[in-house]
Amino acid sequence: MTETQQSIENRPPSVAHLFLDRVAATPDREAFRYPVAAPGGGPDDWRGYTWAEAAQRVYAIAAGLMDLGVLPEERVAIASTTRVDWMLADLGTMCAGAAVTTVYPTTNADETAFILADSGSKVLIAEDAAQLAKARERRAQLPDLRHVVVIDPDGAGPAGGDPEGWVLSLAELAERGAAYLEKNPDCVTDTVAALRPDQLATLIYTSGTTGRPKGVRLRQDTWSYMGYAIEALNLIGPEDDQYLWLPLSHVFGKVLVASHIKVGHLMTVDGRVDKIIENLPVTRPTKMCGVPRIFEKVYSGAAMKAKAGGAAKYRIFSWAAEVAKEYARVSQESKRRTGTASVPFGLRARHALADRLVYGKLRAAFGGRMEGMVSGASRLDPDIGYFFAGVGIPILEAYGLTESAAANFVSLRDSFRTGAVGKAVPGLEVRVADDGEILLRGPAIMDGYHGLPEQTADVLEPDGWFHTGDIGELSDDGYLRITDRKKDLFKTSGGKYVAPTEIEGRFKAVCPYVSTMVVIGNGRNYCTALIALDEPAIMGWAKENGLGGRAYAEVVADERTRALIDGYVEQLNAGLQRWQTIKRFRLLPRDLDVEHGELTPSLKLKRPVVEAEYRELIADMYPET
């Protein structure tokens, strides 16, 4: 047995144990950095907590929950954007022995009420008045909900009709906790010491592309395992500064919390997506995780900025982008074959020139210290991956699901292969079924879906093998490549299988104006597509091409816009098999979004919703049927 295997098998039973160990080991090291709005609207003031200071807050929250009567394994829901208070509340809940139910802050009142009721949550920690309002609106449906704790109390006080003590602020909860600790000084450490590995730690509701979300039951032991497994990979070290913006309601964000506590690095926390580009040069992190949609937007934004600078700048950027991709492809292939990354002299010279002209500026925009980024949640188009690798900020692809605690396969900086999601993390078993489906088994796998034994049995075999629903290929040396979701694959009437996400990803790398493409063709004799355009990008193009001053819908409907996109579709088709090519397409009058139910809160496409909403446009592309 290797040292890594021994360490993972002898891990503590919970992430709460890891937290107490971390505080004891490095009490004075900075744990969190977070923004505070400056008076008068100036630049944000960045402040921090040491591990000891964070522990003081966490203990107070944990004891406050105990004072409210919360018992081990009872559920405490958190509905908030990503912020340091989310992380402290999460840790406080776990140190109280309770289980965290995560709720996306964008979730509407109906679905929020469903999650709170289905989980049996006793307490809701709500970010502000808007999140409180959702619970208050549906309070009659929530008999188990005893209290709502509000992080930002402005406008979120008790109201007529609220039961006494139903609403209190996070500060008031902490005050109650401090008083409780005075009377019961060992209440937190004793509670953590009593935690068992098999106790419920987290209920994460999948944002499901169809139907109601399902609550995924993850054990205390799951998170301590993930902390140890990620530390063993040396993806991040104690001296790193990780920028965290990902939703903590999502399993990807949650697994970063586990690794942060085990490794003990600095975490810079700000969930405002619109602030990422502004914050990176200020905070200068060394690591960041994200989803493909963010990296696609960064790539498109860089291309549009170059285009706005004139034809010469755009030609330089386009040339440099192709050099970056070629450099990354050649060096990766060389390393795969020989063990050493090497490229021909001519390509090295072109790459060095492109670095002076383009790449250095891009690295500076990321703060100048960014060593690498991890991409997960959905498939990254290889062209985007090769571009960033060639620029010098490699995107390390990873793979996992809510049901398997997110980090199952991870690429490493010294051995990553663009287009693959790396090798299995220590302690995880993997096999590929006859139909290509990826199956997983190990400590990361859920106990099951909350209150849904039949749906659990559909994906979880009695011997522990979990059916992921993803189709993939495993190389002889253990690298996994995901090709599509099993349920998304379709067959044309000619009997040819089509993987729509692969085509959609390729188009995003080809067309700088696209936001979302939805490939259609199940049971049809050819493929078509619905295309939503990125509003800032296409409106910038419109202004330069005689369509300035028009509304987005008007620009999309204009024949000149259609001709523009048609050129990119033809470029896409040139690299596809005949049965994959897009024969017809329609531009959508607006972008797809969460509010209209077309995307999940984690920005996954709800294909059935989109196809139902735009069935007339789809029918128009198949006039012969």
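Above this text is the structure in question.
Thresholds, definitions, all that
Residues numbered from 1 in each chain as written. Predicted model: local features only at pLDDT ≥ 70, side-chain atom pairs only at ≥ 80, totals over all residues. Heavy atoms only, no water. Helix = DSSP H or I, 4+ residues; strand = E, 2+ residues; numbered from the N terminus. Buried < 20%, exposed > 50% of the residue type's maximum accessible area, 1.4 Å probe, protein only. Contact = heavy atoms within 4.5 Å. Areas by Shrake-Rupley, 256 points an atom, 1.4 Å probe, with all protein chains shown as cover. Lys, Arg positive; Asp, Glu negative; His and termini not counted. Charge placed at Lys NZ, Arg CZ, Asp CG, Glu CD. Pairing = 2+ DSSP bridges. Disulfide = S-S within 2.5 Å. Polar contact = N/O pair within 3.5 Å; in protein donor to acceptor, adjacent residues only side chain to side chain. Axes fitted to C-alpha atoms, helices over the stretch in contact; angles between N-to-C directions. Parallel < 35°, antiparallel > 145°, perpendicular 65-115°, else oblique. Left-handed = near helix turned anticlockwise from the far one by under 90°. Nonpolar A, V, L, I, M, F, W, Y, C, P; charged D, E, K, R; others polar. Salt bridge = Lys/Arg side-chain N within 4 Å of Asp/Glu carboxyl O. Patch = residues over 30% accessible without salt bridge, like charges linked within 9 Å, V, L, I, M, F, W, Y side chains within 5 Å. Phe/Tyr/Trp six-rings, centres within 6.5 Å; stacked < 30°, edge-to-face > 60°. Core = buried A, V, L, I, M, F, W, Y, C linked by side-chain atoms within 4.5 Å.

**Some words on the overall build of the chain**
Then, in step 1: From N to C terminus, the chain includes 22 helices and 26 strands.
Then, in step 2: Looking at the chain as a whole, 56% of its 625 residues are labelled buried.
Then, in step 3: Within the chain, contacts between residues separated by at least 24 positions form 66% of all contacts whose residues are at least 6 apart in sequence.
Then, in step 4: For the chain, the accessible area works out to roughly 25,800 Å², and carbon and sulfur atoms hold 51% of it.
Then, in step 5: Computing the positive centroid from 72 side-chain charges and the negative centroid from 83, the chain places the two 6 Å apart.

**Comments concerning the pairing of strand β17 (residues 429–432)**
Then, in step 1: With four bridges connecting them, β17 and strand β18 (residues 437–441) associate as antiparallel partners. Bridge pairing links Val 432 to Ile 438 in β18.
Then, in step 2: Where β17 folds back on β18, the antiparallel hairpin that results is connected by four residues, among which Gly 436 adopts a positive phi of roughly 90°.

**Quick word on the state of the cysteines**
Then, in step 1: Enumeration over the complete set of coordinates arrives at zero disulfides.
Then, in step 2: You can see Cys 511 has no disulfide; the closest cysteine sulfur is in Cys 527, sitting 18 Å from it.
Then, in step 3: Accessibility expressed as a relative area gives 1% for Cys 511, which makes it buried.

**Some words on helix α2 (residues 15–25)**
Note: α-helices contain 3.6 residues per turn, so residues at a spacing of three or four share the same orientation.
Then, in step 1: Of the positions making up α2, those classed as buried are Val 15, Ala 16, His 17, Leu 18, Phe 19, Arg 22 and Val 23.
Then, in step 2: Here α2 starts with a cap whose side-chain oxygen sits 3.2 Å from the backbone nitrogen of Ala 16, and that cap is Ser 14.

**Digging into the sheet that holds β17**
Then, in step 1: Taking strand neighbours across the sheet as the criterion, the four strands line up as β17-β18-β20-β21 in an open arrangement whose pairing is antiparallel. Only two strands of the sheet have a single neighbouring strand rather than two, namely β17 and β21 (480–485). This sheet shows a mean twist of 45° between the axes of neighbouring strands, independent of strand direction.
Then, in step 2: Where strand β20 (residues 466–474) meets β21, five bridges bridge the pair, whose relative direction is antiparallel. Looking across to β21, one finds that Gly 472 is bridged to Ile 482.

**Examining the packing of helix α12 (residues 292–308) against helix α15 (residues 382–391)**
Then, in step 1: At a minimum axis distance of 10 Å, the contact between α12 and α15 shows a crossing angle of 65°. The angle between α12 and α15 places the two elements in the roughly perpendicular class. By crossing handedness, the relation of α12 to α15 is classed as left-handed. Contacts from Phe 295, Glu 296, Val 298 and Tyr 299 in α12 reach Ile 384, Phe 387 and Phe 388 in α15.
Then, in step 2: Considered class by class, the residues forming the contact of α12 with α15 number six nonpolar, no polar and one charged.

**Here we look at the sheet that holds strand β12 (residues 287–290)**
Then, in step 1: Pairing within the open sheet is mixed, and its nine strands lie in the order β2-β1-β11-β10-β12-β13-β14-β15-β16. Edge positions in the sheet fall to β2 (45–50) and β16 (423–424), since each has one partner strand and no second.
Then, in step 2: For β12 and strand β13 (residues 372–375), the ladder comprises four bridges, and the chain directions are parallel. Residue pairing in the sheet places Gly 290 in a bridge with Ser 375 of β13.
Then, in step 3: Packing of helix α11 (residues 276–283) onto the sheet brings it into contact with β1 (30–36), β2, β10 (241–244), β11 (266–269) and β12, and relative to β10 it is tilted by some 165°.
Then, in step 4: Contacts between α12 and the sheet are confined to β12, β13 and β14 (395–399), with β13 contributing the most and set at about 130° to the helix.

**Overview of the pattern of salt bridges**
Then, in step 1: Under the counting rule described, the total for this entry stands at 38 salt bridges.
Then, in step 2: Glu 333 is the partner of Arg 337 in a salt bridge, and the nearest nitrogen-oxygen pair spans 3.5 Å. In this pair, Arg 337 and Glu 333 are both assigned in helix α13 (residues 311–338), four residues apart and thus about one turn of the helix distant.
Then, in step 3: Under the relative-accessibility criterion, Arg 337 is labelled exposed at 56%.
Then, in step 4: Here Arg 607 ties to Glu 504 by a salt bridge, and the two come within 2.8 Å at their closest N and O atoms. In this pair, Arg 607 sits in helix α21 (residues 607–613) while Glu 504 sits in helix α17 (residues 500–510), placing the two residues 103 residues apart along the sequence. Each member of the pair Arg 607 and Glu 504 is classed as buried.

**Concerning unusual backbone geometry**
Then, in step 1: Non-glycine residue Glu 73 carries a positive phi angle of around 75°.
Then, in step 2: Relative to the assigned elements, Glu 73 resides in the loop between α3 (51–67) and β3 (75–79).

**Points about a nonpolar patch on the surface**
Then, in step 1: On the surface, a cluster of nonpolar side chains totalling about 310 Å² of accessible area is made up of Ile 316, Trp 319, Leu 353 and Leu 357.
Then, in step 2: Sorting the residues of the nonpolar patch by element identifies α13 and α14 (345–365) as the ones contributing at least two each.
Then, in step 3: Tracing the backbone shows Leu 357 in helix α14.
Then, in step 4: On the basis of relative accessible area, Leu 357 is assigned to the partly exposed category, the value being 38%.

**As for the packing of aromatic side chains**
Then, in step 1: Evaluation of the coordinates by the stated rule reveals twelve aromatic pairs.
Then, in step 2: With a centroid separation of 5.9 Å and an interplanar angle of 50°, the aromatic rings of Phe 32 and Trp 51 are classed as tilted. A residue pair is termed long-range when its members are at least 10 positions apart, and Phe 32 in strand β1 and Trp 51 in helix α3 qualify at 19 residues.
Then, in step 3: Residue classification places Phe 32 among the buried residues on the basis of a relative accessible area of 1%.
Then, in step 4: With 6.2 Å between their ring centres and 65° between their planes, Phe 295 and Phe 388 make a pair best called edge-to-face. Taken together, the positions of Phe 295 in helix α12 and Phe 388 in helix α15 put the pair 93 residues apart, joining distant regions of the chain.

**Notes on the environment of Ile 151**
Then, in step 1: Mapping Ile 151 onto the fold places it in the loop between β6 (147–150) and β7 (167–169).
Then, in step 2: Ile 151 sits in the buried class, given a relative accessible area of 9%.
Then, in step 3: In the structure, Ile 151 is positioned 22 residues away from Leu 173 in sequence and 9.9 Å away in space, judged by C-alpha atoms.

**Things to note about the nonpolar core**
Then, in step 1: Residues Phe 32, Trp 223, Ile 531 and Ile 565 are the most contacted members of the largest nonpolar core, which totals 165 residues.
Then, in step 2: In terms of nonpolar packing, the next biggest core, distinct from the first, is built from 21 residues, Ala 126, Ala 135, Val 150 and Trp 166 among them.

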